[in-house]
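Spelled out from the first residue to the last, the chains are:
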There are 2 protein chains.
Amino acid sequence: MFHIGRLSTVDLEEEITPEESLDYDNSENQLFLEEERRMSHMGFRCLEITRWVICGLIGFLTGLIACMIDIAVEKLAGYKYLAVKQNIEKYTELGGLSISLILWAVLNSAFVMLGSLAVAFLEPIAAGSGIPQIKCFLNGVKIPRVVRLKTLVIKVFGVICSVAGGLAVGKEGPMIHSGAVVAAGVSQGRSTSLKKDFKIFEYFRRDTEKRDFVSAGAAAGVSAAFGAPVGGVLFSLEEGASFWNQLLTWRIFFASMVSTFTLNFFLSIYHGKPGQLSSPGLINFGRFDSDVSSVFIVFRGVLGALFNIINYWLTIFRIRYIHRPCLQVMEAMLVAAVTATVSFAMIYFSNDCQPLGQDNTEEYPLQLFCADGEYNSMATAFFNTPERSVRSLFHNPPGTYNPVTLGVFTLAYFALAVWTYGLTVSAGVFIPSLLIGAAWGRLFGILLSFIASIWFCCVNLTGGIVRMTLSLTVILVEATGNVTYGFPIMLVLMTAKIVGDYFIEGLYDVHIKLQSVPFLHWDAPPTSHWLTAREVMSSPVTCFNRVEKVGRIVDVLSNTSTNHNGFPVVSDTTENDEPGKICGLILRSQLIVLLKHKVFVERASSRLSQRKLQLKDFRDAYPRFPPIQSIHVSQDERECMMDLTEFMNPTPYTVPQETSLPRVFKLFRALGLRHLVVVDNENRVVGLVTRKDLARYHVGKDGLEELHLAQT
Amino acid sequence: MFHIGRLSTVDLEEEITPEESLDYDNSENQLFLEEERRMSHMGFRCLEITRWVICGLIGFLTGLIACMIDIAVEKLAGYKYLAVKQNIEKYTELGGLSISLILWAVLNSAFVMLGSLAVAFLEPIAAGSGIPQIKCFLNGVKIPRVVRLKTLVIKVFGVICSVAGGLAVGKEGPMIHSGAVVAAGVSQGRSTSLKKDFKIFEYFRRDTEKRDFVSAGAAAGVSAAFGAPVGGVLFSLEEGASFWNQLLTWRIFFASMVSTFTLNFFLSIYHGKPGQLSSPGLINFGRFDSDVSSVFIVFRGVLGALFNIINYWLTIFRIRYIHRPCLQVMEAMLVAAVTATVSFAMIYFSNDCQPLGQDNTEEYPLQLFCADGEYNSMATAFFNTPERSVRSLFHNPPGTYNPVTLGVFTLAYFALAVWTYGLTVSAGVFIPSLLIGAAWGRLFGILLSFIASIWFCCVNLTGGIVRMTLSLTVILVEATGNVTYGFPIMLVLMTAKIVGDYFIEGLYDVHIKLQSVPFLHWDAPPTSHWLTAREVMSSPVTCFNRVEKVGRIVDVLSNTSTNHNGFPVVSDTTENDEPGKICGLILRSQLIVLLKHKVFVERASSRLSQRKLQLKDFRDAYPRFPPIQSIHVSQDERECMMDLTEFMNPTPYTVPQETSLPRVFKLFRALGLRHLVVVDNENRVVGLVTRKDLARYHVGKDGLEELHLAQT
């Protein structure tokens with residue numbers, strides 16, 4: 001839930017750098033072209049090899065992080081459950097079980113408090129699963145600080161705390177965010193936070209390259225989380241890459257493969273079975289061998305939609321009333337305590353005793369009020385990390401649970417999960433939705449005794465909540481290791497999506513919309529052919545001359561009311577006093593670097609006196625360009641001129657005013673543009689289309705609607 | 001091998017319609033915009049539903065065709081082997097085995113002759129696997145007659161004949177082509193060949209929509225061939241779709257799923273086990289359950305490269321000397337006879353007898369000179385359809401084959417496969433390469449007794465020959481039904497690709513190159529930044545005025561020396577005598593429809609007298625627009641004027657002259673353009689970039705090279 005974070009923080013840096021668009025269009029200025037021309041064919045080959053190496057590194061590090069999270073959660077949750085179990089056993093006889101409840105609640109709250117404090121006060125952007133943020137990043141919107149090292153550290157710490165704290169959350173979603181941060185860091189060859197520059201990978205310090213690596217990182221995250229490398233690739237493509245490139249896809253696939261392999265390798269060693277490689281992902285359903293011969297589809301899309309609708313209202317409530325960090329921490333602690341209480345109450349009032357099996361599959365069997373040699377079956381669902389619960393729901397023999405237990409569990413867990421998603425903690429929604437689906441399915445399964453039904457309810461609910469079809473199918477197929485389920489899984493996912501879409505959008509899209517992020521969908525709304533670039537564009541546009549006065553540039557950049565990021569450069573207008581013809585496009589960031597290095601042409605002197613600026617100067621400043629306020633320009637310097645010819649992009653994409661919105665949209669989406677210049681038939685600049693101009697239009701109930709987007 | 005076909009045929013129609021580019025850019029002229037404006041939101045939703053229905057139909061029909069091919073091949077090959085087996089058994093005792101050889105050779109040649117005659121004389125484009133042609137189609141090059149009904153019929157007939165005729169070929173490749181033809185047919189709602197118009201799906205009669213459906217068809221083909229729906233989706237994306245669209249992908253996935261399900265359903269019924277659904281694809285490796293704990297990689301990329309190099313020289317030889325249809329048929333028959341002879345000789349001289357198992361897995365065990373209760377093991381490899389051979393290589397227990405048998409078999413089959421690919425028969429190269437790989441792997445497997453080694457050699461060789469990484473990995477994983485092999489398969493495929501690329505390109509690319517097709521790769525060559533649009537474009541360009549004389553249009557269109565397909569429309573040049581400003585782009589096909597309907601403005605009369613042309617008129621003519629020669633324009637009419645304003649695309653994409661080649665390339669590739677207008681800074685037309693201008697540039701040994709492309 002990044003909206004809350006953004007509203008509540010009083011971080012000054014954030015005020016200066018609001019969310020921005022990423023620029024996937026290379027600025028092919030003279031400096032760039034010169035560098036490319038100097039490079040030999042061998043140079044390009046080396047670059048390509050470097051890209052592969054970086055992807056390997058990304059995969060490796062992501063796998064390591066996943067491994068670390070897994071071990072830490074196992075350890076901490078293990079200690080916690082052991083302590084509570086001993087306490088319960090002690091007080092079951094003595095009759096003071098409320099002490100156990102308090103112990104449990106306090107332990108949970110303590111863990112969650114740690115995680116929530118870190119998130120709320122140190123890095124609010126690390127809240128939630130991070131999937132909406134990564135979706136936005138891949139779409140071309142840069143949420144501030146989303147791929148920083150600090151975010152990664154807090155995220156990892158936070159997710160360990162919230163899972164160990166017993167919240168109804170998963171640790172899979174945050175892996176995707178973690179992978180993306182690793183990728184953004186590794187590919188730049190330096191850490192701006194640690195002020196350490198390794199002087200490597202300098203070529204990759206621009207948006208285009210960074211986006212490619214971040215896709216690879218996200219894929220590696222999915223791959224590590226679910227042991228699903230192909231699913232990871234498809235996730236990245238489904239969410240992000242509008243321009244599919246074969247080589248890029250292979251690199252993404254490579255990163256995914258390395259990531260799952262690394263996780264598998266280290267977890268095997270940790271579990272004392274090196275070489276067996278049986279843990280390809282964080283989640284592991286075990287093997288399914290039963291045949292599917294019948295599929296029945298419950299209207300689970302409805303339940304998924306219900307989840308999203310309730311969560312939507314809850315989020316709005318939170319935005320209005322719970323926007324102070326300390327309130328957020330308190331809410332998180334409250335949820336943790338309530339979770340413990342509900343769990344305890346469920347266990348306490350359930351009298352569903354099951355005989356303790358020979359093989360002792362339960363790690364923490366609770367006897368409680370059951371007879372000797374029996375255990376409380378409700379405890380297996382609550383007294384466990386959510387993943388283990390899913391696994392026991394799948395694999396425990398029929399008859400382990402009675403229908404009432406399952407029904408009550410499903411309802412309680414559903415309520416807890418809805419409440420939990422959106423708290424100021426790092427956590428994913430994937431496992432909870434699988435868990436609710438599995439419990440629900442098990443309920444049906446008791447009636448019909450099909451393992452398949454569990455699985456399909458599971459799939460159905462998850463599909464209803466997150467609404468990804470292709471990649472989710474592949475992820476689930478890969479996670480079960482059984483291709484046979486492919487067709488039914490897909491059918492179920494589709495149904496869930498269609499039913500769910502009728503009510504409300506997917507959970508991630510709901511949260512993206514709440515944030516008013518200018519998120520571009522795949523196509524322009526179908527009924528928008530009558531809109532033209534003239535109606536869509538922002539106008540008038542601030543343009544610069546090819547040789548412009550420094551004073552004017554500083555004034556324009558300092559104007560906080562406009563806060564533009566790209567400026568068309570026009571041929572000098574002084575001669576005939578009509579608007580100039582377009583001859584290039586220059587970015588705010590480039591101008592700032594030029595101002596910082598004082599690349600001025602003094603009126604009298606020749607151009608030779610100018611210090612020759614290189615691409616390196618721009619790369620060193622990337623991606624945290626200083627704000628204009630920090631650059632001092634003296635009164636004398638304001639009178640100097642700046643020659644932009646060498647630095648501007650001399651061939652920006654342009655469209656005529658009559659171009660229809662779908663056409664503009666396609667150009668924007670396919671090329672990943674940030675600015676598109678609209679010209680008249682004399683090639684004079686008449687307007688500028690940016691991402692926000694396009695994202696405004698949506699299909700509503702009565703046709704096309706114009707949305708109000710955040711004015712950042 | 002479509003080059004041979006093209007060179008040899010003396011089909012007049014082909015002379016008139018040389019290979020063309022597809023236009024994925026919608027011509028958004030006034031007619032189109034008016035239609036879109038009239039459509040309600042509901043109308044667009046209906047269209048979307050129709051698209052899904054069509055994709056379902058495509059999948060269903062493709063599955064049916066696959067089913068038909070499979071049953072026909074099984075039946076025919078069954079009769080053949082039964083006849084030969086009885087004959088051999090008869091003559092083994094009598095001592096006249098040469099008669100059996102002749103019978104075998106004659107049967108093979110007869111089958112192959114039928115197939116080859118149909119292909120060579122009726123539809124040369126149906127030769128080969130069709131994968132290169134579909135790759136080209138998805139890339140945007142339309143090889144003439146590649147998606148016609150006649151091609152489909154000949155292809156299906158041809159592939160049945162060639163597989164039944166015992167050639168070293170597979171029936172999987174042609175399925176991809178078949179699926180594409182089905183898609184192109186179904187989506188248009190009519191058959192031009194059968195002169196039957198169902199008056200449905202008229203909206204989809206344009207290149208953009210057709211391409212989308214053809215991707216779905218190709219995916220459905222892959223899915224039916226290998227039982228790999230996700231692999232099918234990835235194949236379509238890897239080969240074709242440059243612009244990834246989520247909704248499109250889901251539709252493609254749906255078509256794939258329906259296709260494999262249909263095949264599965266009907267084959268199960270045919271095999272008398274309805275409801276069991278155990279035949280998801282034409283190829284079926286059976287289940288692998290063994291664990292992979294070690295991988296060794298032989299330098300199989302080298303062998304794959306060898307295959308491609310030999311085949312390259314052979315193809316060149318064929319283009320030079322074997323270009324008459326009757327010669328082609330004779331060569332095919334010769335290969336069939338030689339295949340029979342080689343097989344027979346191998347069986348005859350092999351004295352590798354194996355005891356007949358209890359379970360009798362061999363369908364046609366040949367005793368020959370073996371003792372009673374034993375069978376000739378070489379016969380199991382040759383006396384079978386290639387797929388069954390692959391399966392027996394995988395699943396027969398260790399010790400079934402001796403190393404010498406396998407070694408000789410591998411070499412012989414390799415030679416036969418190289419010779420066979422490129423014959424004028426419909427056939428695929430996938431199964432032969434799997435078979436060679438499997439035999440080779442089994443050879444290693446005897447030494448190391450790993451089923452894994454068979455598999456990896458198999459994968460490796462196939463990877464070495466066809467060089468698709470991602471989709472092939474997924475196809476093979478799905479075909480085996482075991483996800484565990486994913487990582488090793490990918491590693492092996494990568495190695496094969498890297499090693500192979502060092503020597504020569506993939507087989508399909510070799511054949512595409514031989515054809516001089518203007519095939520666009522994913523990116524511009526890396527060292528091409530110094531080339532600008534000015535150097536790349538064709539110039540001067542034939543332009544039309546907004547209101548143009550009919551005589552001039554007819555003359556320009558009739559000029560066979562230029563044969564352009566797109567013409568920039570400029571504002572009238574008469575006023576100031578300088579080149580006109582761009583105001584639109586009109587296609588040859590549109591002009592032809594206009595001429596056919598005589599949409600002329602007579603000098604005196606008002607515009608109201610014009611018959612109002614509708615989009616429907618353009619759609620009815622799509623895709624076989626009549627040649628200009630067939631349109632009669634009288635001398636009086638030549639003096640009339642034509643107003644192009646309503647019909648031209650008023651907002652074509654343009655670039656300035658200084659745009660670098662990679663930038664032009666990206667725009668072209670991402671938007672699927674056919675024509676890109678180059679303008680100067682006054683918006684005057686100075687040149688036109690087409691696909692051929694871009695495809696000329698390739699990276700050679702010494703950097704950038706300019707290729708000579710076919711002047712069609």
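Residues numbered from 1 in each chain as written. Chains lettered and ligands numbered in written order. Predicted model: local features only at pLDDT ≥ 70, side-chain atom pairs only at ≥ 80, totals over all residues. Heavy atoms only, no water.

Peer 1: Is there a simple way to think about the overall build of chain A in this case?
Peer 2: A count of helices and strands for chain A gives 28 helices and 16 strands. Looking at chain A as a whole, 64% of its 712 residues qualify as buried. Considering only intrachain contacts with a sequence separation of at least 6, the fraction spanning at least 24 residues in chain A is 77%. Summing over all exposed atoms, chain A offers an accessible surface of approximately 26400 Å²; the carbon and sulfur share of this is 60%. (Helix = DSSP H or I, 4+ residues; strand = E, 2+ residues; numbered from the N terminus. Buried < 20%, exposed > 50% of the residue type's maximum accessible area, 1.4 Å probe, protein only. Contact = heavy atoms within 4.5 Å. Areas by Shrake-Rupley, 256 points an atom, 1.4 Å probe, with all protein chains shown as cover.)

Peer 1: Could you clarify how one ought to interpret helix 27 (residues 661–671) of chain B in this entry?
Peer 2: Residues lying three or four places apart along an α-helix face the same way, a consequence of the helix completing one turn every 3.6 residues. Residues and elements named next belong to chain B. Of all the 11 residues making up helix 27, 10 are buried; the element is thus mostly covered by neighbouring parts of the structure. Those residues of helix 27 lying buried are L661, P662, R663, V664, F665, L667, F668, R669, A670 and L671. One or two positions beyond helix 27, positive phi appears at G672, with a value near 65°.

Peer 1: Can you help me understand a nonpolar patch on the surface in this one?
Peer 2: Residues and elements named next belong to chain A. Among the surface-exposed residues, I49, V53, L57, F60, L61 and L64 lie close enough to one another that they form a single nonpolar patch of about 450 Å² accessible area. Along the chain, the position of V53 falls in helix 4 (residues 41–94). In this structure V53 comes out as partly exposed when scored by relative accessible area, which is 46%. (Patch = residues over 30% accessible without salt bridge, like charges linked within 9 Å, V, L, I, M, F, W, Y side chains within 5 Å. Salt bridge = Lys/Arg side-chain N within 4 Å of Asp/Glu carboxyl O.)

Peer 1: How do you make sense of unusual backbone geometry when you look at a structure like this?
Peer 2: Residues and elements named next belong to chain A. Backbone torsion omega between S539 and P540 reads 0°, so that peptide bond is classified as cis. For N683, which is not glycine, the phi dihedral falls at a positive 70°. Residue classification places N683 among the buried residues on the basis of a relative accessible area of 8%.

Peer 1: Teacher, can you tell me more about the sheet that holds strand 7 (residues 544–545) of chain B here?
Peer 2: In any sheet, the strands associate via hydrogen bonds between backbone groups, in a parallel or an antiparallel arrangement. Residues and elements named next belong to chain B. With mixed pairing, 3 strands are arranged side by side in an open sheet as 7-9-10. Every other strand in the sheet has two partners, leaving strand 7 and strand 10 (582–587) as the edge strands with one partner each. Sheet analysis places strand 7 next to strand 9 (residues 566–570), joined by 2 bridges and oriented parallel. Paired with N545 across the two strands is V570, which belongs to strand 9. (Pairing = 2+ DSSP bridges.)

Peer 1: It is not clear to me how the packing of helix 23 (residues 550–558) of chain A against helix 24 (residues 588–596) of chain A should be interpreted in this structure. Could you clarify?
Peer 2: Packed helices, taken two at a time, are described by the angle between their axes plus the distance between the axes. All names here are of chain A. Axis separation between helix 23 and helix 24 bottoms out at 11 Å; the angle between their running directions is 130°. Taken as axis vectors, helix 23 and helix 24 run oblique relative to one another. When the axes of helix 23 and helix 24 are compared, the crossing they make is left-handed. The residues of helix 24 that touch helix 23, namely those facing V550, I553, V554 and L557, are R588, L591, I592 and L595. Of the residues in the contact of helix 23 with helix 24, the class split is 7 nonpolar, no polar and 1 charged. (Axes fitted to C-alpha atoms, helices over the stretch in contact; angles between N-to-C directions. Parallel < 35°, antiparallel > 145°, perpendicular 65-115°, else oblique. Left-handed = near helix turned anticlockwise from the far one by under 90°. Nonpolar A, V, L, I, M, F, W, Y, C, P; charged D, E, K, R; others polar.)

Peer 1: Please explain the confidence of the model for chain A as it appears in this structure.
Peer 2: Segments scoring low in pLDDT should not have their predicted coordinates read at a detailed level. Residue and element names in this part refer to chain A. Residue-level pLDDT values for chain A average 77, and 78% of them are 70 or greater. The least confident element of chain A, judged by mean pLDDT, is helix 2 (residues 12–16) at 33; the most confident is helix 7 (residues 149–164) at 91. Predicted confidence is poor over residues 1–17, with pLDDT under 50, and the contacts of this stretch with residues over four places away or in other chains come to 35 contacts. Throughout residues 287–299 the model reports pLDDT below 50, and contacts reaching past four residues in sequence, or to other chains, amount to 28 contacts. (pLDDT = per-residue confidence, 0-100.)

Peer 1: Would you mind going over the sheet that holds strand 13 (residues 675–679) of chain A with me for this structure?
Peer 2: Residues and elements named next belong to chain A. Here 3 strands make up an open sheet; going across it, the order is 12-13-14 and the pairing mixed. Only two strands of the sheet have a single neighbouring strand rather than two, namely strand 12 (654–656) and strand 14 (685–690). Within this sheet the neighbouring strands show an average axis-to-axis angle of 30°, counted without direction. Here strand 13 runs beside strand 14; their pairing, made up of 5 bridges, is antiparallel. In the sheet register, H675 faces strand 14, and the bridge partner there is T690. Helix 27 (residues 661–671) rests against strand 12, strand 13 and strand 14 of the sheet, and its axis sits at about 145° to strand 13.

Peer 1: I'm lost on the pairing of strand 13 (residues 675–679) of chain B in this one. Help?
Peer 2: Side-chain positions along a regular strand alternate between the two faces of the sheet. All names here are of chain B. For strand 13, a buried count of 5 out of 5 residues is recorded, marking the element as mostly surrounded by other parts of the structure. Along strand 13, one buried face is formed by H675, V677 and V679 and the opposite face, lined by L676 and V678, is buried too. As judged from the 3 bridges shared by strand 12 (residues 654–656) and strand 13, these two strands associate in the parallel manner. Its bridge partner lying in strand 13, V655 is registered against V678. In this view, the connection linking strand 12 to its parallel neighbour strand 13 by way of helix 27 has right-handed handedness. Between the antiparallel neighbours strand 13 and strand 14 (residues 685–690) lie 5 residues, among them N683 with a positive phi of about 70°. (Right-handed = clockwise from strand over helix to strand, strands pointing away.)

Peer 1: Can you walk me through the environment of A:W52 in this structure?
Peer 2: Locating A:W52 in the fold gives a position in helix 4. Along the primary structure A:W52 and A:L247 are separated by 195 residues, whereas in three dimensions their C-alpha atoms are 10.0 Å apart. Not counting residues within four places of it along the chain, the set of residues in contact with A:W52 comprises A:W250, A:R251, A:F254 and B:M494.

Peer 1: Where do I start with the side chain of A:S223 in this structure?
Peer 2: Residue and element names in this part refer to chain A. Relative to the helices and strands, S223 resides in helix 9 (residues 207–226). S223 gets classed as buried once you look at its relative accessible area, which sits at 0%. Of the polar contacts made by the side chain of S223, one reaches the backbone oxygen of S256; its length is 2.7 Å. (Polar contact = N/O pair within 3.5 Å; in protein donor to acceptor, adjacent residues only side chain to side chain.)

Peer 1: Any chance you could explain the pattern of salt bridges here in plain terms?
Peer 2: A side chain of one charge can pair with a side chain of the opposite charge if their charged atoms are brought near each other. Under the defined criterion, the tally for this structure stands at 34 salt bridges over all chains. The shortest N-O distance in the salt bridge between A:E658 and A:R534 comes to 3.5 Å. Of the two residues, A:E658 is situated in the loop between strand 12 and helix 27 and A:R534 in helix 22 (residues 533–536); the sequence distance between them amounts to 124 residues. On the basis of relative accessibility, which here comes to 43%, the residue A:R534 falls in the partly exposed class. A salt bridge links B:E89 to B:K85; the nearest nitrogen and oxygen atoms lie 2.9 Å apart. Highlighted residues: B:E89 and B:K85, both in helix 4 (residues 41–94), separated by 4 residues, approximately one helical turn. The partly exposed category is assigned to B:E89, whose relative accessible area is 35%. Among the charged side chains, a salt-bridge network with shared partners connects A:E48, A:R51, A:R206, A:E209 and A:R251.

Peer 1: Looking at this structure, I do not really get the environment of B:L33. What am I missing?
Peer 2: Structurally, B:L33 can be placed in helix 3 (residues 30–38). Residue classification places B:L33 among the buried residues on the basis of a relative accessible area of 13%. Residue contacts for B:L33: discarding those within four places in its chain leaves A:H529 and B:E28.

Peer 1: In this structure, what is going on with the packing of aromatic side chains? I would like to understand it.
Peer 2: A ring pair, where both rings are aromatic, is described by two values, the distance of the centres and the angle of the planes. All names here are of chain A. This structure, assessed with the given rule, holds 28 aromatic pairs over all chains. Consider the rings of F261 and F265, whose centres lie 6.4 Å apart with planes at 20°: the pair is stacked. Of this pair, F261 and F265 are both found in helix 11 (residues 246–270), 4 residues apart, which corresponds to roughly one turn of the helix. On the accessibility criterion, F265 (37% relative accessible area) is partly exposed. Sitting over the face of the ring of Y81, K80 holds its NZ or CZ atom 4.6 Å from the ring centroid. (Phe/Tyr/Trp six-rings, centres within 6.5 Å; stacked < 30°, edge-to-face > 60°. Lys NZ or Arg CZ within 6 Å of the ring centre and 35° of its normal.)

Peer 1: What is the right way to look at the state of the cysteines in this model?
Peer 2: Two cysteines joined by a covalent bond between their sulfur atoms form a disulfide. All names here are of chain B. Overall, the coordinates contain 0 disulfides over all chains when judged by the stated rule. Looking at C543, it has no disulfide partner, and the nearest cysteine sulfur is the one in C583, 9.7 Å off. Overall, the relative accessible area of 17% leaves C543 in the buried class. (Disulfide = S-S within 2.5 Å.)

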